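What the coordinates show
So you can see what is in the structure, the chains are spelled out below.
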Amino acid sequence: MQCSKCRRDAILFQRYSGLHLCEHHFNRDLEAKAKRAIREHRWIESGDTVAVALSGGKDSSAVLFFLHKLLHERRDIQLMAITVDEGISGYRYPERARAIADSMGVPWVMASFRDEYGLTLDEIVARKGTGLSCSYCGVLRRALMNRIAREEGITKFAYGFTLDDEAQSVLMNALRGDADRLTRSMREVEGMVPRIKPFMHVPEREVALYAFLHVEGFDLAGCPYAGDALRGDVRGILDDYAYRHPATKYALVNLGESLRDPERVSGEGFRVCERCGEPCGRICRTCQVLDEMRERT
Ligand code: SF4
């Protein structure tokens, strides 16, 4: 199959756009989406020190490669990588993350649960069981990364979260009835280093392809404690539904952004029709239908 934009061989078919893309146009497409997300959210500014949360897996390795390519000539912005070793035997290998950062010449910092808390996640799970492993892990990792951020002068944390991760999170919060998380503002929270997610509009399989094309030695293993049953269910439901309705994940991510953005909510929120006085958007659907009917007569 040929690329829809040139005559080279295609390496990817995007069902949601109907395009076949060669390697050159695939890279351009993915990088344009990531740059647009950064621009629209004003995620990176002059003077920033951006730290990629580098697990050594495909998504974080891909975002490190992308940001290095984007920023390596900028003297006013620093890029670095942080790896947290939770102490999960057979899963976390910090030396692989280090090799990836070294291959790009990006400064790398490592911290471990063992050094910081005197306990590995394996030991916590042995005491407490696996039920809350992700909760403990997330809380301890966030605190550790914030301490490193203060020491290193980090102003932004970059994560490799993909369109699939974001869409799953929106649907999970809806299924849990968690209005707080669904509507929590994207604005900065005092004391927390802001998080940026350049790949939030890029499907997971395209991020994986980007990693395969540009990064060597990333990890493919899954965490043995990744037991979030709801996320697994939601992933299955969404993938199945999105196969028949390819725009679904984009719709969910856009919904999540709208709900979290207080300005957009108040700007586009509930009001009355400026013509008939009924509650609606700017012009109510009834008036739109009547307009359409009048245009035809
Ligand atoms: Fe930690 Fe859970 Fe992620 Fe494993 S899956 S690294 S336990 S948050």
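These remarks concern the structure in this document. (Residues numbered from 1 in each chain as written. Predicted model: local features only at pLDDT ≥ 70, side-chain atom pairs only at ≥ 80, totals over all residues. Heavy atoms only, no water.)

Let us look at the pattern of salt bridges. Taken as a whole, this structure holds 20 salt bridges when the rule is applied. The closest approach of N and O atoms between Lys33 and Asp29, which form a salt bridge, is 2.9 Å. Note that Lys33 and Asp29 are positioned in helix α1 (residues 23–41) at a spacing of four residues, about one turn of the helix. When its relative accessible area of 11% is taken as the criterion, Lys33 is described as buried. (Salt bridge = Lys/Arg side-chain N within 4 Å of Asp/Glu carboxyl O. Helix = DSSP H or I, 4+ residues; strand = E, 2+ residues; numbered from the N terminus. Buried < 20%, exposed > 50% of the residue type's maximum accessible area, 1.4 Å probe, protein only.)

Let us look at the packing of aromatic side chains. Using the criterion set out here, one finds seven aromatic pairs in the structure. Taking the centre distance of 5.7 Å and the plane angle of 70° together, the rings of Phe65 and Tyr210 count as edge-to-face. One end of the pair, Phe65, is in helix α2 (residues 58–71); the other, Tyr210, is in helix α9 (residues 204–214), and 145 residues separate them in sequence. The buried category is assigned to Phe65, whose relative accessible area is 17%. Of the residues examined, Tyr210 reaches a relative accessible area of 0% and is grouped as buried. When the centroid spacing of 5.1 Å and the interplanar angle of 70° are considered together, the rings of Phe212 and Phe218 count as edge-to-face. (Phe/Tyr/Trp six-rings, centres within 6.5 Å; stacked < 30°, edge-to-face > 60°.)

A few words now on the packing of α2 against α9. The geometry of α2 relative to α9 is characterised by a closest axis approach of 9 Å and an angle of 65° between their N-to-C directions. Comparing the axis directions of α2 and α9 gives the class roughly perpendicular. Of the two elements, α2 crosses α9, and the hand of that crossing is left-handed. In this structure, α2 contributes Lys58, Asp59, Ala62, Phe65, Phe66 and Lys69 to the contact, and α9 contributes Glu204, Val207, Ala208, Tyr210, Ala211 and His214. When grouped by side-chain class, the residues that make up the contact of α2 with α9 number seven nonpolar, one polar and four charged. (Axes fitted to C-alpha atoms, helices over the stretch in contact; angles between N-to-C directions. Parallel < 35°, antiparallel > 145°, perpendicular 65-115°, else oblique. Left-handed = near helix turned anticlockwise from the far one by under 90°. Contact = heavy atoms within 4.5 Å. Nonpolar A, V, L, I, M, F, W, Y, C, P; charged D, E, K, R; others polar.)

With parallel pairing, five strands are arranged side by side in an open sheet as β5-β4-β3-β6-β7. Strands at the two margins of the open sheet, each flanked by one partner only, are β5 (108–112) and β7 (195–196). Taken together, the three bridges between strand β3 (residues 49–53) and strand β6 (residues 156–158) define a ladder with parallel strand orientation. Paired with Ala51 across the two strands is Phe157, which belongs to β6. Each of β3, β4 (78–85) and β6 touches α2; the most contacted strand, β3, lies at about 155° to it. (Pairing = 2+ DSSP bridges.)

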